[in-house]
Amino acid sequence: MTCTQHIQFTCYRCRYVLSVFSMVVLLQIFCHQPAFSQVAQELDEISLTVNVQRIGSAEMPGIIRGTEAYLSVKDVFDFLKIRNATSQNMDTVSGYFINPKSPYIIDKASNKITYSEKVFNLDANGLIRTERSLYLKSAYFGEIFGLECNFNFRSLSVTITTKIELPAIREMQQEMMRRNINQLKGEKKADSIIKRSYPFFHLGMADWSVISSQDGQSPATTRLNLSVGTMLAGGEANFYLNYTAGQPMHLKQQFYHWRYVNNNNAALRQVTLGKIYTQSTSSLNAPINGIQITNTPTTYRRSLGTYTLSNTTEPGWTVELYVNNILVNYMKADASGFFSFEVPMVYGNSVVKLRFFGPWGEERIREQYISVPFNFLPSKQFEYTLSAGVVEDEWKSKFSRANFNYGVNRHITIGGGVEYFSTVMAGKPMPYVTTSLRLGSNLLVNGEHMYGVRTKGMLTYRLPSNVQLDVNYNKYDKMQTAVRYNYIEEKKAVLSVPFHAKKFSAFTRLTVNRLKLTKNNLTTAELLFSTIVKGVSSNFTTSAMYYAAGNPFIYSNLSLTFRLPGKIRFTPQVQYEYKQKNVSMIKGEIEKNVFKNGYLNASYERYKLSNNQFIGIGFRYNFSFGQTYFSARKSNTLFSTTQSARGSFIYDDKTNSLIANNQNNVGRGGLIISPFLDLNWNGKRDAGEPRAFGLKVNINGGRIKNVRDTTIRITGLEAYTNYHVDLNRNNFENVAWHLPKKSLSVCIEPNHFKLIDVPVTIVGEVSGTVYFKGVKGIAGMGRILVNFTNSDSVVVAKTLTESDGFFSFMGLAPGIYKAQIDPAQLEKLHMTSTPNLIFAIKQSIEGDAVEELKFTVEDILDKEGKG
């Protein structure tokens, strides 16, 4: 649609609104209600813009009656992917709403809706039937189906909001996860690949935070944190500075590192200098200053199975699961904060990351990293990691570790290495060996033995019903000093059982852990049951602790989460102690979204054993440039308050601008996507080529913001990760604007924005008709192939005529072309064609069109006979 057409369409809608409004006023003044009803029924069907959160918008037929909007049931349900069927005379719509156990019938004849065995009687004007569709008053979509409709008379638009996970949303999320899993496996292909660059220096990101606490009994505590991310000598250099008011700054509390990554170098892919992280067996209570080199890539290979990962967070929070920085699943935690995932295991030493989002838009700063316990490698592949440095403890201990792994075949990976820690084991090296086995498709085994320190093993077995058993065993040498535990043996078993019924799903987990201490034994057990029934999340956990020389300590904890009207979440919690036979703790928390970006919460806790109680209130507000928080907490004897703020700054060297953001960005990267009209079709942005408005992008991560100058800015992307970017031209101002490349694979650079110029070509259209001349006269001829050749006599496009002989093709670059009937087809049909037409596609921002080309074909024998 051109700008002129868009203005004309907008004016038409404005005139329509004014005319409808005038008619309604006149009818209310001069007509009785029956007459109004009769006239309203004759209103024309018009186009309404329907917006649905998290899905998008679409133009749908609708009817306006007074100040009420009526929506076509079929069109709305089709858009939301809700099963529906319309009767032949358009007087009923039936199907089921999300669940096959929730059928519905919308009946115009009886003027009622039957949904999930409940009957809803509509008012006299609740339904309107036309020859095209059955229309339902928008208010009933919310009252009956939970699809709240907000009608804007001025813009002729309806916004639908709902708390229900609609099939369309679920389908989009599942499709996104499928795309991400395909990306994780390396199966997704892009039209264009954009590799990373290695600038010598670039100042990119800075994160900051301030937190202050006061309790009235001691001096106020204020902590400042500043993180700076740069690119230096082709790698990333990050600095994390921490300062507490009134205390000296110690180097031990500051973190910094430089890392160089090149995944294309099979011999050496990563080099890290500064504060390094290593999977040490020894207990290190201070960071390591040193160097680490490895040939392990930051990107990983295909998946080979799954295992169950479960943990806890805040109740009702959404948890996203990332495997090697790729989103593969998400879920909501239950009433006690419990969640469980099926984690894809991939070749290599993968990292599983969890991100936590609150129900009112909060995002947890903390990121939890979990190493995959089974380290498999592809067959005949070798990987190593070498680390060495000085521990910042009081002894300035020396530490080094060399780790090697080799894939014998797709079922067996063996490894080994040596670790050295100067302050333990009399300074002797500690060699070790490891192995990971995959026996069949359901049994995984992992083992490790470090000489003089420990022996450990892990077994995971999964039944076809998804019941999973995990068994862990750790035994430590009595004389070892490397691992600082107060036990010498650990036995642990975890049984996870999912339940799936018609109306609910649940998850239960039994954990038994036995520790052998030097003088005693400790056994702990936990039985957890989590489920969601009718929107109420519940978690019931029973825990027991037993020493061999004493009585067991057993208690149960019950948590519930209720969604109340007004976007209020209420979470009560109670704890019962069996030995004392009483309730030992009660807790309640209530949260509500206020002021659009504000979040208010209040809590109460009471502990019987200590006879102490706590009352708290908190308020958080998210600005575009930062997040702020205030809380106050009152106990029996103490009143404390806390204030905090955090945010980040991003330097965009492409536009020389400083951008404020409310999320952490150091160590991450971003994209600037700038579409332009490629007038000369050379794929490069030349002087004078204008911007292209209307491009939409889809990417599996980050945060997308459309800037007014058509630029699209994407922040919060994980560094060294190849992101798949889908480009969508559906919102372009002109149908002649096309995208030569519809998808991109982009490698993200840390602490840096990568500028991507997206060429948008302006194509020409050609159309015409092919006629057949025979003994009965001239008529259009279908299934004829028309070729278009350029000035170099190369066929650049083909199209097939329709049944009436008409043909049309859009997609030609500016230039001179020849149109002709395909010679090979003419030869097979024993026909001849006239003429061969020469035409030009001119360069134009609006696109050029050549019309009314005419060809005549006839049988060779007929033509010769006439001759």
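Residues numbered from 1 in each chain as written. Predicted model: local features only at pLDDT ≥ 70, side-chain atom pairs only at ≥ 80, totals over all residues. Heavy atoms only, no water.

When you go through the protein chain residue by residue, the secondary structure sums to 7 helices and 61 strands. Considering the protein chain as a whole, with its 867 residues, one finds that 44% of them fall into the buried category. A separation threshold of at least 6 residues defines the contact pool for the protein chain, and within that pool the share at least 24 residues apart is 51%. Here the protein chain has roughly 44600 Å² of accessible surface; of this, 57% comes from carbon and sulfur atoms. (Helix = DSSP H or I, 4+ residues; strand = E, 2+ residues; numbered from the N terminus. Buried < 20%, exposed > 50% of the residue type's maximum accessible area, 1.4 Å probe, protein only. Contact = heavy atoms within 4.5 Å. Areas by Shrake-Rupley, 256 points an atom, 1.4 Å probe, with all protein chains shown as cover.)

Taken together, the side chains of Lys163, Lys332, Arg563, Lys567 and Lys592 define a basic patch exposed on the protein surface. Within the secondary structure, lysine 592 is located in strand β39 (residues 582–594). By relative accessible area, lysine 592 is classed as partly exposed at 31%. (Patch = residues over 30% accessible without salt bridge, like charges linked within 9 Å, V, L, I, M, F, W, Y side chains within 5 Å. Salt bridge = Lys/Arg side-chain N within 4 Å of Asp/Glu carboxyl O. Lys, Arg positive; Asp, Glu negative; His and termini not counted. Charge placed at Lys NZ, Arg CZ, Asp CG, Glu CD.)

A few words on the pairing of strand β1 (residues 46–52). The buried fraction of β1 amounts to 5 of the 7 residues, a majority that puts the element mostly inside the structure. Looking at chain direction, β1 and strand β2 (residues 56–65) are connected through 7 bridges and run antiparallel. Residue pairing for β2: leucine 48 is matched across the bridge by methionine 60. Judged from the 4 bridges that link them, β1 and strand β12 (residues 157–161) form a sheet pairing that is parallel. Its bridge partner lying in β12, valine 52 is registered against isoleucine 160. (Pairing = 2+ DSSP bridges.)

What follows is about helix α4 (residues 138–145). Across the 8 residues that make up α4, a large majority, 6, are buried. Of all the positions in α4, only Ser138, Tyr140, Phe141, Gly142, Ile144 and Phe145 are classed as buried. Two residues or fewer past α4, glycine 146 is found with a positive phi of approximately 75 degrees.

Across the sheet, 4 strands lie side by side as β13-β51-β49-β46; this open sheet has mixed pairing. Whereas interior strands pair on both sides, the edge strands pair on one side only; in this sheet they are β13 (192–194) and β46 (696–699). Adjacent strand axes in the sheet meet at a mean angle of 25 degrees when their direction is disregarded. Here 5 bridges tie strand β49 (residues 722–728) to strand β51 (residues 743–747), and the two strands are oriented antiparallel to one another. Within the sheet, the bridge partner assigned to aspartate 726 lies in β51 and is serine 743. (Axes fitted to C-alpha atoms, helices over the stretch in contact; angles between N-to-C directions.)

This brings us to the packing of aromatic side chains. If you walk through the whole model with that rule in mind, you get 30 aromatic pairs. With 6.3 Å between their ring centres and 85 degrees between their planes, phenylalanine 77 and phenylalanine 141 make a pair best called edge-to-face. Here phenylalanine 77 is found in helix α3 (residues 73–79), whereas its partner phenylalanine 141 is found in helix α4, with 64 residues between them in sequence. With respect to class, phenylalanine 77 is no different from phenylalanine 141; both count as buried. Through pairs of rings, three or more aromatic residues link up here, namely Phe77, Phe97, Tyr104, Tyr115, Phe141 and Phe145. Lysine 275 extends its terminal NZ or CZ atom over the ring of phenylalanine 255, reaching a point 4.7 Å from the ring centre. (Phe/Tyr/Trp six-rings, centres within 6.5 Å; stacked < 30°, edge-to-face > 60°. Lys NZ or Arg CZ within 6 Å of the ring centre and 35° of its normal.)

Another aspect to go through is a nonpolar patch on the surface. On the surface, a cluster of nonpolar side chains totalling about 640 Å² of accessible area is made up of Leu459, Tyr461, Leu463, Leu469, Val471, Leu495, Leu510, Val512 and Leu527. Elements that contribute at least two residues to the nonpolar patch include exactly β31 (454–462), β32 (468–476) and β34 (505–517). Examined against the element boundaries, valine 471 turns out to sit in strand β32. The exposure class of valine 471 is partly exposed, given its relative accessible area of 34%.

Next up on the list: the confidence of the model for the protein chain. Per-residue confidence for the protein chain gives a mean pLDDT of 84, with 87% of residues at or over 70. With pLDDT under 50 throughout, residues 1–41 is counted as low confidence; its partners more than four residues away or in other chains account for 35 contacts. (pLDDT = per-residue confidence, 0-100.)

The next subject is the sheet that holds strand β6 (residues 103–107). Ordered in space as β4-β5-β6-β7-β8, the 5 strands form an open sheet in which the pairing is antiparallel. The open sheet has two edge strands, β4 (84–86) and β8 (118–121), and neither has a second partner. Each strand axis lies, on average, 15 degrees off the axis of its neighbour in the sheet, ignoring direction. This element, α4, spans β6, β7 (112–115) and β8 of the sheet and lies at about 30 degrees to β7.

This next bit is on the nonpolar core. Formed by 36 residues in total, the largest nonpolar core has its most connected members in Leu48, Phe77, Tyr104, Ile106, Phe145 and Leu147. Apart from the residues lying within four places of it in its own chain, the contact partners of phenylalanine 145 are Phe77, Phe97, Tyr104, Ile106, Ile113, Tyr115, Tyr140 and Ile164. By size, the runner-up hydrophobic cluster in this structure holds 24 residues, among which are Ile673, Leu677, Ile714 and Leu739. (Core = buried A, V, L, I, M, F, W, Y, C linked by side-chain atoms within 4.5 Å.)

Turning our attention to the pattern of salt bridges. The final tally for this structure, using the stated rule, is 12 salt bridges. We note a salt bridge from lysine 137 to aspartate 123, for which the minimum N-O separation is 3.0 Å. Here the residue lysine 137 occupies a position in strand β10 (residues 134–137), and aspartate 123 occupies one in the loop between β8 and β9 (127–129), the gap between them amounting to 14 residues. Residue classification places lysine 137 among the buried positions, given a relative accessible area of 13%. For the salt bridge of lysine 275 with glutamate 392, the shortest nitrogen-to-oxygen distance reads 3.4 Å. Of this pair, lysine 275 sits in strand β18 (residues 270–276) while glutamate 392 sits in the loop between β26 (382–391) and β27 (398–409), and the two are 117 residues apart along the sequence. Under the relative-accessibility criterion, glutamate 392 is labelled buried at 11%.

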